[in-house]
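Structural features, examined
One-letter residues, chain by chain:
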Amino acid sequence: MKRSLMTAAAVCALGLGLAACAGMAMNSEAQAAAPEQAAAAPAFPATAEGATAFVADAEARLAALNEEAARIQWTRATNITFDTMWLESRINAKYTETQVELANGAARFNDVQVPDDVRRKLNLLRLGIVLPAPNRPGAAAELAEITTRLDSTYSVGKFDFQGRQITLDDANILIAESRNPEETKALYEGWRTISPVMAPDYARMVEIANEGSRELGFADTGAMWRAGYDMDPDAFAAETDRLWEQVKPFYENLHCYVRNRLNAKYGDAVQPDHGPIRADLLGNMWSQQWGNIYDVVAPTTGGESSYDLTELLTSQNYDANRMVKTGENFYVSMGLDPLPQTFWERSMITRPQDREVVCHASAWNLDNLEDIRIKMCTQVNGDDFYTVHHELGHNYYQRAYKDQPFLFKNGANDGFHEAIGDFVGLSALTPTYLNQIGLLQTVPGDEEDIPFLLKMALDKIAFLPFGLMVDRWRWDVFSGETAPAEYNDAWSANMLKYQGLVPPGPRPANAFDPGAKYHIPGNTPYTRYFLAHIYQFQFHRAACKQAGWTGPLHRCSIYGNKEVGERFNVMMEMGQSRPWPEAMAAFTGENGNDASAVADYFAPLNVWLTEQNRGKDCGWGA
Ligand code: X8Z
Ligand code: ZN
């Protein structure tokens, strides 16, 4: 959820952001900034009572402004015009100015002894801004104009493909289905023609946000983002390295296997059997999930998969609304309340034909109470079946913590927010569940375990290095390590380093490939998804244990399990009121990040992949 620039309204759109936050002590630079800001703060004495009153006032002001901002943001995201962009820039500038004023005001209480919850809220005021503006006239307005323009430019992007103008939705389907490398190359390169225009705006945005971050006592905006995890920012970065080292051998195994199968299909001229993989051959515009090319890499010996989720959905005439209803039904089966009627009246579930919208899926709470909605350009396919569960996870989390005070209405950390729906999705993709809801006629036997796990790994394991590399690029951009002239080369270097991928051909001199991935122009921090890809397996393993499941984890479904639902809801209701390890412990009994659950889930596949790769030269030498 964002609440920086933006408000707490949407998770995933525009980098909402109280996501960051935590019980960090103020550092000395922040304390030094306090005296000059004190004059701007209202007259709350520097006492415990003064701090409590200051926080109550801040929460009331932010809550009111947040709802107004959310409704304007929704209006712009579901109808992009000159006027809605104008309105959004204006309210976002006002919101950012208020957030910065309050963050600076909070610093007055750095040396005051205050109750724990008040200290946490004072810290959250400072850490909950995704892109702060500096405190000089015009800065917040300039920043807001740029961010609205970047997000809108991405969202209206179209390019020419085989003689017609296509949207990203069209391109996503084509790149998923095409097995012609010339076509996939044209799609990959075509979509990236929408982003060079963004590069100057992006560089300017980095300058302004860094100026704002420094005024709040951070070295740069990336350092501010890393501070939101209830631990020292450097320790957090090291923690992501540690998790990556834990899962990297799985990824290298998968990479090696997929590369060999692509080589067998396309030949050495298109995909050599060594070195990096050509990014456009993986069935996804950003090569972030590879499940769409399951048919190309399916096992040639042993079991075969007897179904394809997209085919099941289309053959049973599912439409977008029915997919969302099906998603809701899963949450209801866990004992959670049905979605309110207003969800159905106010959500945007398919792409409107008469106007420009932000199609990238997001979940919103407009009034911080019950006005929850999703905004998706849903298509009837397996990917969007999963995304529906993902988005509803955000909505169910938002509703669960709605009775918390305003500053605690957020995920335990931003990775939690992304992991709720993914955790539910892990059960919703099991053949057992698909059979229970009548989509699949027969539950396959264990001969289909490897095909199933391979399909899952193509999405979940393939995602991990992408989940890491996006913010590794941004952290370097914000720190100045990567200058604007190096933006694109640094992006390609990260693709190679983390994912072992290369673009299908040389990139043009003016390329700005990062801008062709929503979360860059949308300013949504991305490490949250890397974390979510660990947390969802921790949640799943714990839930299956609670359910008394003793079989393999990939066959476990918690559909219909109200006890698990109740315990899960206890964690969700906590919102951001406590440091995230306490929320993790409340549901799983574990109090840290632990990639061993990923290893447990995929263990049989990893053995199988190791066998398949025997004698092969794995890795890509970068
Ligand atoms: O952006 C999303 C969600 C909305 S929070 C659709 N995801 C990331 C992406 O699409 O890049 C979910 C998986 C990763
Ligand atoms: Zn999400």
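What you see is a predicted model; the values in this text were computed from it and never measured. (Residues numbered from 1 in each chain as written. Chains lettered and ligands numbered in written order. Predicted model: local features only at pLDDT ≥ 70, side-chain atom pairs only at ≥ 80, totals over all residues. Heavy atoms only, no water.)

1. Section: the coordination of the zinc ion (ligand 2)
Around the zinc ion (ligand 2), the donor atoms from the protein are His390 (NE2), His394 (NE2) and Glu418 (OE), and they sit 2.0 to 2.1 Å away. Metal-centred angles of 91 to 130° between the four donor atoms at the zinc ion (ligand 2) mark the site as tetrahedral. Here the donor residues of the zinc ion (ligand 2) are spaced in sequence according to H-x3-H-x23-E. Here histidine 394, found in helix 15 (residues 382-400), pairs with glutamate 418, found in helix 16 (residues 414-428); they are 24 residues apart in sequence, far enough to count as distant. Each member of the pair, histidine 394 as well as glutamate 418, carries the same accessibility label: buried. (Donors = N, O, S within 2.8 Å, 3.2 Å for Na, K, Ca; no water. Tetrahedral: all angles 85-135°; square planar, octahedral: opposite > 155°, others 65-115°. Helix = DSSP H or I, 4+ residues; strand = E, 2+ residues; numbered from the N terminus. Buried < 20%, exposed > 50% of the residue type's maximum accessible area, 1.4 Å probe, protein only.)

2. Comments concerning the UniProt feature "binding site: Zn(2+) 1" (unreviewed entry) in the chain
As annotated in UniProt, the feature "binding site: Zn(2+) 1" (unreviewed entry) corresponds to His390, His394 and Glu418 in the numbering used here. These residues run over 29 residues, yet every pair of their C-alpha atoms falls within 7.4 Å of each other. A residue is classified by how much of its surface remains accessible, and histidine 394, at 0% relative accessible area, is buried. (UniProt positions renumbered as here; feature names shortened; annotations may be inferred.)

3. Brief notes about the side chain of aspartate 471
For aspartate 471, the location among the structural elements is in helix 18 (residues 449-479). A polar contact of 2.8 Å, which involves the side chain of aspartate 471, links it to the backbone nitrogen of tyrosine 526. Residues contacting aspartate 471, with those up to four places away along its chain left out, are Trp225, Pro525, Tyr526 and Thr527. (Polar contact = N/O pair within 3.5 Å; in protein donor to acceptor, adjacent residues only side chain to side chain. Contact = heavy atoms within 4.5 Å.)

4. Some details on the state of the cysteines
One pass over the full model with this rule turns up three disulfides. One disulfide bridge connects cysteine 256 with cysteine 618, the sulfur atoms lying 2.0 Å from each other. Between cysteine 256 and cysteine 618 the sulfur-sulfur dihedral comes to about -75°; the bridge is accordingly left-handed. Of this pair, cysteine 256 sits in helix 10 (residues 233-266) while cysteine 618 sits in the segment after helix 23 (596-612), and the two are 362 residues apart along the sequence. With a sulfur-sulfur separation of 2.0 Å, cysteine 359 is cross-linked through a disulfide to cysteine 377. Every disulfide takes its handedness from the sign of the S-S torsion; for cysteine 359 and cysteine 377 that torsion is -80°, giving left-handed. Of this pair, cysteine 359 sits in the loop between helix 14 (341-346) and strand 5 (362-365) while cysteine 377 sits in the loop between strand 6 (372-375) and helix 15, placing them 18 residues apart in sequence. In terms of burial, cysteine 359 and cysteine 377 fall into one category: buried. (Disulfide = S-S within 2.5 Å.)

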